[in-house]
Amino acid sequence: MRVLRMIGVGLLLHTKQLTRSPFEIATALIVPVVQATLAVYLFRAGGEPGRLLEAAVGAGLMGVWSSVLFGSGGAIQNQRWQGTLEMIMLAPRPPALMILPITLATAVTGTYAMLATLLWGRLLYGVPLDFAHPLLFLVAVPGCVLGLGMFGLLLASTFVLMRNANALTNTLEYPIWLVSGMLVPLTVLPGWTGPVAAVLPTTWGARAVHEAAVGGPVWPSLGVCLAISLGCLAAGAVMMTYVERRARAAATLALA
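Just so we're clear, the structure is a prediction, and the values are computed from it rather than from any experiment. (Residues numbered from 1 in each chain as written. Predicted model: local features only at pLDDT ≥ 70, side-chain atom pairs only at ≥ 80, totals over all residues. Heavy atoms only, no water.)

Secondary structure assignment for the protein yields ten helices and zero strands. Mapped in sequence order, the helices and strands of the protein form the string α-α-α-α-α-α-α-α-α-α. Taken over C-alpha atoms, the radius of gyration comes to 18 Å for the protein, in line with the 18 Å a tight globule of 256 residues would show. A principal-axis box enclosing the C-alpha atoms of the protein has dimensions of 60 × 35 × 35 Å. The proportion of buried residues among the 256 residues of the protein is 46%. When contacts within the protein are restricted to residue pairs at least 6 apart in sequence, those whose partners lie at least 24 apart make up 79%. In the protein, the 14 positive side-chain charges and the 8 negative ones have mean positions that sit 12 Å from each other. (Helix = DSSP H or I, 4+ residues; strand = E, 2+ residues; numbered from the N terminus. Rg over C-alpha atoms; globule rule 2.2 N^0.38 Å. Buried < 20%, exposed > 50% of the residue type's maximum accessible area, 1.4 Å probe, protein only. Contact = heavy atoms within 4.5 Å. Lys, Arg positive; Asp, Glu negative; His and termini not counted. Charge placed at Lys NZ, Arg CZ, Asp CG, Glu CD.)

Next up, the structure:
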């Protein structure tokens, strides 16, 4: 219970902090709208107007992933700049438990992207919000967000030793959402992307949300997403401990 309370308090604290960042607010307001607009025109130009809801949902998932990816990398840098990274690493709790609320907060704030893209598509382009499984959609989205937050911990653990973590996040954003099938079906991608997609929680989380929106078995995909995410959480905890010890030994923890 103490661990859950600590994660809950940390999640609330970092969510409040993110919502007071001018950069985060501007990014959250602009990027999802641009992605939703591009997705709608892309599907209309392809002669598939019946898949506009799928396009809006996919654009929303892209926004959630961007928030998690840049938030996980930027969170470590922000702690460095604020001079609080050392205190986080010196806390009596394992480093993973101290970083996990940050990655979860980035995923929670990313849910705005899903709401923004759906509302933008509905109000401006008349996209019908006829979900195949409305109640399951309300379950799949938080489940996907939780999975991405745990995946973010694994990403964040690799950013502790990196002085310019944003350089890595810039290279990961588009390849991951592309190979995860958030907007483009996996069937149109090269065959070698299949094994890569199968081990990513983003793939299964996106599949669960899409199936809840347009029809399909939601629970198996959501279960696989959470199972892989738990594996990422365990791997991230081990990696976080390792890189934290290495950063201490090399005296590179506070480098910005």
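Another point: the layout of surface pockets. As a volume, the largest pocket reaches approximately 910 Å³. What lines the largest pocket is a set of 41 residues, among which Phe 23, Glu 24, Thr 27, Ser 67 and Phe 70 lie closest to the centre. Sorting elements by how many residues they give to the lining of the largest pocket places helix H3 (residues 52-82) first, with 13 residues. Considered class by class, the residues forming the lining of the largest pocket number 20 nonpolar, 19 polar and two charged. (1 Å grid on protein atoms, 1.4 Å probe; cavity = no way out; pocket = protein on both sides within 12 Å on 5 of 7 lines; lining within 4 Å. Points joined across faces, edges and corners; volume = space filled by probe spheres on them. Nonpolar A, V, L, I, M, F, W, Y, C, P; charged D, E, K, R; others polar.)

Attention shifts here to the packing of aromatic side chains. Under the criterion given, the structure shown has three aromatic pairs. Measuring from ring centre to ring centre gives 4.4 Å for Phe 131 and Phe 137, while their planes differ by 25 degrees; the resulting arrangement is stacked. The exposure class assigned to Phe 137 is buried, which follows from its relative accessible area of 7%. Taking NZ or CZ as reference, Arg 207 lies 4.5 Å from the ring centre of Trp 204, over its face. (Phe/Tyr/Trp six-rings, centres within 6.5 Å; stacked < 30°, edge-to-face > 60°. Lys NZ or Arg CZ within 6 Å of the ring centre and 35° of its normal.)

Here we take up the state of the cysteines. By the definition in use, this model includes zero disulfides. Between Cys 225, a cysteine without a disulfide, and Cys 144, which holds the nearest cysteine sulfur, the sulfur-to-sulfur distance is 5.4 Å. On the accessibility criterion, Cys 225 (1% relative accessible area) is buried. Cys 225 supplies the cysteine sulfur nearest to Cys 232, a cysteine that is in no disulfide, at a spacing of 9.2 Å. (Disulfide = S-S within 2.5 Å.)

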